[in-house]
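# Residue-level structural notes
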Amino acid sequence: MDRELTARRVRIAVATAVVALVAALALPGAGGATPDGRAFPPVRPTRVLILGDSVMKGAVSAYPGALPGREVTVSAEVNRSTGQGADELARLGTDWDVVVILLGHNDGGSPGAFQPAARRILDQLRGVRVVSWLTIHEVRPYYPGVNQYIAGLRADYPNLIVGDWNAVAAANPGALAGDGLHLNGEGARLMAGVVADQVEIAELDWGLALQALARAATTTTTTTTLPPTTTTVATTSTTMAPTTTTTTEATTTGAPASSSTVAEPPGPRDPEDGSSDDRTPLALGALAAAAVALGGVGWRRRRRASAPQG
């Protein structure tokens, strides 16, 4: 548990450092704005909505510790259907950065009820940067169809990702109640970890999007051409006795200046020597290092999670 907690703290610190770095480097004077004009960490805390039924509710006490520094709202009720979840979302509004959903346990066996309600939720959330719908643990015959339907909606909703709670639950049967769905203490910890993973994915996606925007916005093309200048001295002939002196015609042409493309990186330029403070490679390096670090931590956790539970 101590190693697990340490790994998560390292992971969160790396993610926070990356988004802080990208916010500082991406758009000078933009205040950390994303391509859609919204701020992101660390300019302000990430706004997270966790929407679900009794399974999601089983980890309500674990979410704050798994998501430090974020503004977290949990709306999870026993026996909530997907349609009721859509109604609740209409009440709560859509001013969220990340929404994590786990619904379908209570109406997934009725496609006519579940599927339109799921689309209604996702239609309301089109303006949210990342929506993660967690798979339900496939312990009933119709649950695989629920998961497959949600996965198939990714083509229609570009901001939708799928978090695989089913895989985590299947690998940790000791973390669940006898029905294979509801959570005990260990299950609550694992659920909160999966939710935190989805939020971190969204925040890193923000960082990458800002980096791409910065690279596009700070590249400008400047072309300057000086027209040729011609100076002609007229021919003059002077006759003195039999000798003729002629001043020959002279032409001086100013060579045109060459065209050049100037890439303006973030940061001020020195007007004296034209040098620039190009911090883009630093940001790219930090993102790459963070991706490796996060991937390693996630792999180790998944490996531990897949071990048989006592």
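Keep in mind that this is a model prediction, so the values were computed, not measured.

This part is about the overall build of the chain. Within the chain, the secondary structure is distributed over nine helices and nine strands. By sequence separation, contacts in the chain at least 24 residues apart represent 73% of the contacts at least 6 residues apart. Put simply, the chain shows about 15600 Å² of open surface, and 57% of that area lies on carbon and sulfur atoms.

Attention shifts here to helix α6 (residues 143–152). Regarding α6, the residues found buried are Tyr143, Val146, Asn147, Tyr149 and Ile150. For α6, the buried positions fall inside an angular range of 160 degrees around the axis, keeping them on one side. Turned more than 90 degrees away from the buried face of α6 sit Gln148 and Gly152, all of them exposed. Contacts from the buried residues of α6 go to α5 (111–124), β4 (130–134), β5 (160–163) and α7 (165–171).

Moving on to the pattern of salt bridges. What the rule picks out here adds up to nine salt bridges. Where Asp97 meets Arg44, a salt bridge forms, and the shortest distance between an N and an O atom there is 2.7 Å. Here Arg44 lies in the loop between α1 (2–25) and β1 (47–52) and Asp97 lies in the loop between α4 (82–92) and β3 (98–102), a separation of 53 residues in the sequence. Using a relative accessible area of 1% as the deciding quantity, one classes Asp97 as buried. A residue is classified by how much of its surface remains accessible, and Arg44, at 18% relative accessible area, is buried. Among the ionic pairs, Arg119 bridges to Asp156, the shortest N-O distance being 2.8 Å. Linking Arg119 in helix α5 with Asp156 in the loop between α6 and β5, this pair joins segments that are 37 residues apart in sequence.

Here we take up the sheet that holds β5. Pairing in this open sheet of five strands is parallel, and the strands run β2-β1-β3-β4-β5 from one edge to the other. Each edge of the sheet is formed by a strand with only one pairing partner; in this case those strands are β2 (71–76) and β5. The mean inter-strand angle of the sheet, taken between neighbouring strand axes irrespective of direction, is 20 degrees. Where β1 meets β2, six bridges bridge the pair, whose relative direction is parallel. Paired with Leu49 across the two strands is Thr73, which belongs to β2. Relative to the sheet, α5 contacts β3, β4 and β5, its axis offset from that of β4 by approximately 155 degrees.

Tallied over the entire structure, the rule returns three aromatic pairs. On the numbers, 6.1 Å between centres and 70 degrees between planes, the contact of Phe114 with Tyr149 is edge-to-face. Of the two residues, Phe114 sits in helix α5 while Tyr149 sits in helix α6, which places them 35 residues apart along the sequence. Residue class for Phe114 comes out buried when judged on its relative accessible area of 2%. Look at Tyr142 and Tyr143: their rings are 4.9 Å apart centre to centre, the planes differ by 85 degrees, and that puts the pair in the edge-to-face class. Among the residues examined, Tyr142 registers a relative accessible area of 33% and is labelled partly exposed. For Tyr143, a relative accessible area of 0% corresponds to the buried category. A connected cluster of aromatic rings, assembled from ring pairs, spans Phe114, Trp133 and Tyr149.

Another aspect to go through is the nonpolar core. Ranked by internal contacts, the top residues of the largest apolar core, which has 53 residues, are Met56, Ile101, Trp133, Leu134, Trp165, Met191 and Val195. Contacts of Val195, omitting those with residues within four sequence positions, involve Ile50, Met56, Tyr63, Leu67, Val100 and Leu134.

Now for the confidence of the model for the chain. Mean pLDDT over the chain stands at 72; residues scoring 70 or higher make up 54%. Under a pLDDT of 50 for its full length, residues 220–225 has, in the predicted model, 14 contacts with residues more than four places off or in other chains. Overall, residues 229–310 carries pLDDT values under 50, and its contacts beyond four positions in sequence, including any with other chains, amount to 106 contacts.

For the rest of this paragraph, the subject is the packing of α4 against α5. Look at α4 against α5: their axes get within 8 Å of each other, and the N-to-C directions meet at 20 degrees. By the criterion of interaxial angle, the relationship of α4 to α5 is roughly parallel. Once α4 is placed against α5, the crossing between them reads as left-handed. The segment α4 lies against α5, with Thr82, Gly83, Gly85, Ala86, Asp87, Leu89 and Ala90 engaging Phe114, Ala117, Ala118, Arg120, Ile121 and Gln124. Residues that form the contact of α4 with α5 fall into these classes: seven nonpolar, four polar and two charged.

Calculation notes
Residues numbered from 1 in each chain as written. Predicted model: local features only at pLDDT ≥ 70, side-chain atom pairs only at ≥ 80, totals over all residues. Heavy atoms only, no water. Helix = DSSP H or I, 4+ residues; strand = E, 2+ residues; numbered from the N terminus. Contact = heavy atoms within 4.5 Å. Areas by Shrake-Rupley, 256 points an atom, 1.4 Å probe, with all protein chains shown as cover. Buried < 20%, exposed > 50% of the residue type's maximum accessible area, 1.4 Å probe, protein only. Arc of directions from axis to C-beta. Salt bridge = Lys/Arg side-chain N within 4 Å of Asp/Glu carboxyl O. Pairing = 2+ DSSP bridges. Axes fitted to C-alpha atoms, helices over the stretch in contact; angles between N-to-C directions. Phe/Tyr/Trp six-rings, centres within 6.5 Å; stacked < 30°, edge-to-face > 60°. Core = buried A, V, L, I, M, F, W, Y, C linked by side-chain atoms within 4.5 Å. pLDDT = per-residue confidence, 0-100. Parallel < 35°, antiparallel > 145°, perpendicular 65-115°, else oblique. Left-handed = near helix turned anticlockwise from the far one by under 90°. Nonpolar A, V, L, I, M, F, W, Y, C, P; charged D, E, K, R; others polar.

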